[in-house]
Each structure stands twice: as structure tokens, then as C-alpha cells.
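# Structural characterization, general
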Amino acid sequence: MSDRPSPTIAILGGGTAGWMTACLMARAWPTARITVVESPDIGIVGVGEGSTPQLRQFFRDLGIAEHDWMPACNATYKAGIRFVGWSREPGFDSYIHPFASDIDLHTEPQFHAAAHARRTGHDVPAHPDAFFLNSWLIDHRRAPLAAETFPFDAAYGYHFDAHLVGVYLRDHAIGRGVVHLSRTVSDVVVGEDGNVRHLVIEGDEPIAADVFVDCSGFRSVIAQAALGVPFASFAGNLFNDRAVVMPTPSDPTGTDVHTTATALSAGWAWRIPLTSRIGNGYVFSSRYIDPTTAEAELRAHLGAGDDVAARHLTMKVGRVETSWTANCLAVGLAQGFIEPLEATALHIVQATVEGFIAAWESAGFTPGRRDEFNRIIARRYDGIRDYIVGHYRLNRRADTLYWRDAVAIDELSDSLKSLFTAWFTGRDMASEIAAQDIARYYAPLSWGCLFGGYGTYPDPGRLRAVERRDGGHIARFLAACGANFPDHDAALARLAA
Ligand SMILES: Cc1cc2nc3c(=O)[nH]c(=O)nc-3n(C[C@H](O)[C@H](O)[C@H](O)COP(=O)(O)OP(=O)(O)OC[C@H]3O[C@@H](n4cnc5c(N)ncnc54)[C@H](O)[C@@H]3O)c2cc1C
């Protein structure tokens, strides 16, 4: 941290994005005056209950231990995502996209070799689930907590209650001097130079600051509404625009260590296990199904009666062209949104705020690095979008118009087209990903699981028989090392004790 005076900061919005921003900025700039203003009348979106492994680093950086925040937020461990029903290829009705663990270095080359052999016409088993540690943990409902004697760390993220995480982070931020105002901002005053001057609050002092952070959700009160930052829509290749949300009781047989994403008739349903309940929702496209029918389909899928309350949400999919415009940083839903298939939104919040702090400081507390920062954030959105588009383009079911249209999406980036070409022509995927410099969004393991998990291989009848060589299977590797991972529920009970 530099010894220059810290900026004064006003954060508009007290959802997860607002409080994550407040915590990160209060840590980076402990002497800064930071104010979070949130409306008592406009609620938070209240979803967003699954993370990537990046959130582990977030809590570590803030010095918050799992045994402190996890029980307070009804949190569970997450080792990856299981995709169910996206493919009708025999043997590929489900697959896991695991978070990659260190130990996978021992089995990943065998997976890529098997997948390469199969896509070039050899009858080699190449379903990804057999190869990776976290897939094994998910299948066995084990917590991703390696015994101290085991020399590899298992990667994991979390599931949590979005409202409770907001409260937890709010208390943490306030404990570090952040000021919390429960008020509705009625106007944003912008100067002739294009910088935000202050936020107007009816009957109260206006809020002035050096930096304004727009965390006001889909309303994007400062960035899009006041500053008119253009919005690049992703609707051309990601056509889900609605969600219906419905909780169900916990599973009495135990707590999963993964999110499930199950394909339904016009979208997909998430299932997120918390210690207190299961969070469910159906992400769908209103072009293909109306909200009432979608709600009924979700109820039938969950076996939920009419007495279970449902909540409907509208989603605006895409991103602002520049996350940092004049003296305003847009973060969270105010900045953009990609449907939650890979639960990446909070990851982007973290990357945006950390990148902003680094860029602001490195240019001597001026916006000198703004353009470069904006390019990096935009690339991240587009890199994640391509991976999500890949899910739809590769689906192997044709039972509804929705899925037939999804497989025919023709608005593909050059990057995604090149990846498809590499896979289908038997080229090395890792080289293609390295040449494009996109592994920081999704690494070869993730792309291999995506293509391989849907069974995107030649028809079994066209495969040539080869001598079977079994190798690289994670279960055998773990047995050989005597690895021991605890039962997920037992690990959660220990945290809460
Ligand atoms: C269906 C769905 C599922 C999702 N699933 C995931 C997931 O699994 N993982 C993940 O990482 N993300 C997920 N997300 C995204 C995630 O929910 C959001 O990124 C996260 O909750 C952050 O939201 P936010 O803080 O930007 O906005 P919000 O929660 O909407 O908060 C907005 C805040 O702004 C305030 N506000 C607005 N206008 C004013 C005003 N005029 N004056 C004062 N205050 C104002 C509100 O009071 C509120 O406090 C999902 C999103 C959706 C829609």
C-alpha cells in the first residue's frame, strides 16, 4: 500500500457486491472515508448463493476464518457443478465440472490423452468424471479438506445464504470504520467534466466523494442511468432472461458438495445445498416458456406443492462497455450479468474491485490505468460468456425447440469458433487455449470437461477398437496414496461446534 492519501469513496448499494466492495476497499485503504448507502425500500436481488474457489481467497484476505463465517451464513463446501440431462448421448447423461485441484496434475494428462484418442476415432473411455479429485469428492459427498498428511490442497468454493452473507460482510465492514446509510438516492449530479459530483438524498446532506462505486443492481443508477455508459447485450447468444426461485427443505440423506444444474424444457434448474435448506431456481427464456408454466415445471421437477412460495426475477444479460467511467466504478449487477450457470458473478465482483484498487494505486492515485483496466474486465466477461455459450452450443438433446435453437446459436466469437475447430479436427486443445491466452478464464481441464462431458465424440459405431490401457483414474490414485477426506456433514458439524 502506498502512503498517498486514500480516496474518499461512496458505494451505492448494499447487496453482496456493495458489501464485498466495502470490505476490500476498507482493507486496501484503512484510512479512507467509505460510505455505503442502501435503500430501505429497494431490496437486494437475494440470489447468488454459489461461488468459485476465488471466494476462499476473499475471506482469507480479509482474515475471516471458515469456522466464523460459514456457520453464520449456513454455508457448505462446493467442489464443482454437476450438469444433468444436457446430453442424451449414452453414458453422458451427466458430468461434473470440478474445480481443479493440485493433485489433478497427475491425472489430467491421461484425461486429455483419452479425450484426444476418442475424438480422433479410438474406442477409449473418456468421460471426465473418472479423472479428477473433486469429481470423486462429489460422488462420495466428502468435504474438500485433505488430511494434514496429504500433500495436495483440494480446490473448493462455497454455497451460502445470500442475505446472511450480506449481513456478515456489512458487520465486518462497519467494524472497520465503513459508514452505513439507510437512504434512497433520488438523483445523481454529474459535473460538466463528466465526473459524478454527488448523490442526492431527499431531506439529507448530499454524498460527495472522489470515487463512486455503483452497486445498485440491475438499475445501475450511476453508471448506466446517470452517466449513460453503453450496455453490450449478450442476448444474441445467451437467450435466458428470467428466473423463478423456490427453496425446498434439506436432503435428509446428507448434504451434497456440489451445485446441480439440470436441463429442463426451456432452460435449466439449479440446486444449491445450504445447511438450512436447498436453494432452487429455474433459469429460462421467456421466448420459449411463460413464467407461470416455468414455475409449474420447476414445482414438478422439485416435487414442491403449491404452498411453497416462488419468486420471479427478470435478468438483463450483458455488460457495460466500460466498468470504470469517469470517477465511477460499476460493480456487480450494475456492471453486468452472465447467467449463473458457472456461478461467476461474485468472482467478477472480486476481480473488478481488486483490479481497480491495483490500477488506481499504480498510477499514483489517478485514473491513468483506466483504459487497460476496462479492457481486462471486458475480456473477462467475454471469456466467461464464451464458455457459457459453449454449454448451449454443445447440448445433445433435441426434445424442445429451445434446445434445438440452442445448438444452432450462430453468434459465436472468433475465440469460441477456433476452440470448436480445434476439438473437432483433433488438434491439441491446450495449445489452442494457450495461443488465445484464455486459460485464466477457463483452463484446458474445464474445456475438456465441457466438450467431453457432453459426449462430443464420434458415434460409438465409428470408433476403432484399441487395446485398453487403464490409467489416470483418480480413484486408483487416491487409494494408492491412502488419501482420506472427511464426510461433508461431519466437516460442517465440526465447523459449527
Ligand atoms: C437468478 C440469479 C442467480 C444467480 N446466481 C448466482 C450464483 O450462483 N453465483 C454468483 O456468484 N452470482 C449469482 N448471481 C448474481 C448475484 O446474485 C449478484 O451478482 C450478487 O447478488 C450481487 O448483486 P448486487 O449487489 O450487484 O445487486 P443487488 O443485490 O440487487 O443490490 C442492489 C442494492 O442497491 C440498492 N439500491 C438500488 N437503487 C438504489 C437507490 N436509488 N438508492 C439507494 N440504494 C439503492 C438496493 O437497496 C440494494 O441494496 C445470480 C443472479 C441471478 C439473477
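Procedures and definitions
- Residues numbered from 1 in each chain as written.
- Predicted model: local features only at pLDDT ≥ 70, side-chain atom pairs only at ≥ 80, totals over all residues.
- Heavy atoms only, no water.
- Helix = DSSP H or I, 4+ residues; strand = E, 2+ residues; numbered from the N terminus.
- Rg over C-alpha atoms; globule rule 2.2 N^0.38 Å.
- Buried < 20%, exposed > 50% of the residue type's maximum accessible area, 1.4 Å probe, protein only.
- Contact = heavy atoms within 4.5 Å.
- Areas by Shrake-Rupley, 256 points an atom, 1.4 Å probe, with all protein chains shown as cover.
- Polar contact = N/O pair within 3.5 Å; in protein donor to acceptor, adjacent residues only side chain to side chain.
- 1 Å grid on protein atoms, 1.4 Å probe; cavity = no way out; pocket = protein on both sides within 12 Å on 5 of 7 lines; lining within 4 Å.
- Points joined across faces, edges and corners; volume = space filled by probe spheres on them.
- Nonpolar A, V, L, I, M, F, W, Y, C, P; charged D, E, K, R; others polar.
- Phe/Tyr/Trp six-rings, centres within 6.5 Å; stacked < 30°, edge-to-face > 60°.
- Lys NZ or Arg CZ within 6 Å of the ring centre and 35° of its normal.
- Pairing = 2+ DSSP bridges.
- Right-handed = clockwise from strand over helix to strand, strands pointing away.
- Axes fitted to C-alpha atoms, helices over the stretch in contact; angles between N-to-C directions.
- Near = heavy atom within 4 Å.
- Parallel < 35°, antiparallel > 145°, perpendicular 65-115°, else oblique.
- Left-handed = near helix turned anticlockwise from the far one by under 90°.

## What to know about the overall build of the chain
Tallying secondary structure elements over the chain gives 16 helices and 21 strands in all. In terms of C-alpha radius of gyration, the chain reaches 23 Å, essentially the compact-globule figure of 23 Å for 497 residues. Its C-alpha atoms give the chain principal-axis dimensions of roughly 75 × 55 × 50 Å. Within the span of the chain, comprising 497 residues, buried residues form 56% of the whole. Excluding contacts between residues fewer than 6 apart, the proportion of contacts in the chain whose partners are at least 24 apart in sequence is 75%. Total accessible area on the chain stands at roughly 20,200 Å², and carbon and sulfur atoms take up 51% of it.

## Quick word on the side chain of Arg56
If you trace the backbone, Arg56 turns up in helix H2 (residues 54–61). Within the structure, the side chain of Arg56 is placed 3.4 Å from the side chain of Asp153, a separation counted as a polar contact. From its side chain, Arg56 meets the backbone oxygen of Ala154 in a polar contact 3.3 Å long. Excluding its chain neighbours within four sequence positions, the residues that come into contact with Arg56 are Asp153, Ala154, Ala155, Tyr156 and Tyr158.

## Here we look at empty space enclosed by the protein
A full pass over the atoms with the stated rule returns three cavities of 30 Å³ or more. A volume near 70 Å³ is recorded for the largest cavity. Lining the largest cavity we find Gly332, Gln335, Gly336, Phe337, Ile338, Thr344, Ala345, Ile348, Val349 and Tyr381. When residues of the lining of the largest cavity are traced back to their parent elements, those giving at least two are strand E21 (336–337) and helix H9 (345–362). The class makeup of the residues in the lining of the largest cavity is six nonpolar, four polar and no charged.

## With respect to the packing of aromatic side chains
A complete count under the given rule lists 42 aromatic pairs for this structure. Between Trp69 and Tyr158 the ring centres are 4.7 Å apart and the planes differ by 85°, which places this aromatic pair in the edge-to-face class. Of this pair, Trp69 sits in helix H3 (residues 66–72) while Tyr158 is found in strand E6 (residues 157–159), placing the two residues 89 residues apart along the sequence. Across the pair, exposure class does not vary: Trp69 and Tyr158 are buried alike. In this structure an aromatic cluster arises from ring pairing among Phe83, Trp86, Tyr95, Phe239, Tyr288, Tyr392, Tyr402, Trp403 and Tyr454. One Lys or Arg, Arg393, reaches over the ring of Phe420 and ends 5.9 Å from the middle of that ring.

## So, the pairing of strand E1 (residues 9–12)
Of the two faces of E1, the one carrying Ile9 and Ile11 and the one carrying Ala10 and Leu12 are both buried. The sheet contact formed by E1 and strand E11 (residues 211–214) spans four bridges and is parallel. Each residue of the ladder has a partner; that of Ile9, found in E11, is Val211. Of the pairings in the sheet, the one linking E1 to strand E2 (residues 34–38) comprises four bridges and is parallel in character. Residue pairing in the sheet places Ala10 in a bridge with Thr35 of E2. Since E1 and E2 lie parallel, the crossover through helix H1 (residues 16–28) that links them has a hand, and here it is right-handed.

## Quick word on the sheet that holds E21
Sheet strands line up and pair through hydrogen bonds in the backbone, either parallel or antiparallel. Spatial strand order, E12-E18-E21: three strands in an open sheet with antiparallel pairing. This sheet does not close on itself; its edge strands, each paired only once, are strand E12 (231–233) and E21. As paired elements, E12 and strand E18 (residues 318–320) share three bridges and run antiparallel to each other. Across the sheet, residue Ser233 finds its bridge partner in E18, namely Gly318. With respect to the sheet, helix H10 (residues 370–393) is in contact with E18 and E21, its orientation differing from that of E18 by roughly 175°.

## Some remarks on the sheet that holds strand E17 (residues 311–314)
With respect to topology, seven strands assemble into an open sheet ordered E5-E4-E14-E15-E16-E13-E17, the strand pairing being mixed. Of all strands in the sheet, those with a lone pairing partner are strand E5 (94–98) and E17, marking the two edges. On average, each strand axis in the sheet is tilted by 20° relative to the strand beside it, whichever way the strands run.

## Thoughts on the site of the ligand
Neighbouring the ligand are 33 residues; Gly14, Ile42, Gly50, Val185 and Leu333 lie closest to it. Contact distances for the ligand include 3.1 Å between an oxygen atom and a backbone N or O atom of Ala17. At 2.8 Å from a nitrogen atom of the ligand is found a main-chain nitrogen or oxygen belonging to Val185. When the free accessible area of the ligand is taken as 1,000 Å², the share hidden by the protein chains comes to 97%. When residues of the shell around the ligand are traced back to their parent elements, those giving at least two are H1 and H9. Here the shell around the ligand is built from residues that sort into 17 nonpolar, 12 polar and four charged.

## Concerning the packing of H1 against H2
H2 packs onto H1 with a crossing angle of 50° between their chain directions and a minimal axis gap of 11 Å. By the angle between their axes, H1 is oblique relative to H2. As H1 packs across H2, the resulting crossing turns out to be left-handed. Packed against H1, whose contacting residues are Met20, Cys23, Leu24 and Arg27, the element H2 presents Leu55, Phe58 and Asp61 at the interface. Residues that form the contact of H1 with H2 fall into these classes: five nonpolar, no polar and two charged.

## Focus: the pairing of strand E14 (residues 259–264)
If a strand is regular, its side chains alternate between the two faces of the sheet. The buried fraction of E14 amounts to six of the six residues, a majority that puts the element mostly inside the structure. Burial of the side chains of E14 extends over both faces: Thr259, Ala261 and Ala263 are buried on one face and Thr260, Thr262 and Leu264 on the other. Two elements, strand E4 (residues 80–84) and E14, share four bridges in a ladder whose sense is parallel. The partner of Ile81 across the bridge, within E14, is Thr259. Summarising the sheet, E14 and strand E15 (residues 267–273) pair through five bridges and their orientation is antiparallel. Across the sheet, Thr260 pairs through a bridge with Arg271, a residue of E15. Count of turn residues in the E14/E15 antiparallel hairpin: two residues.

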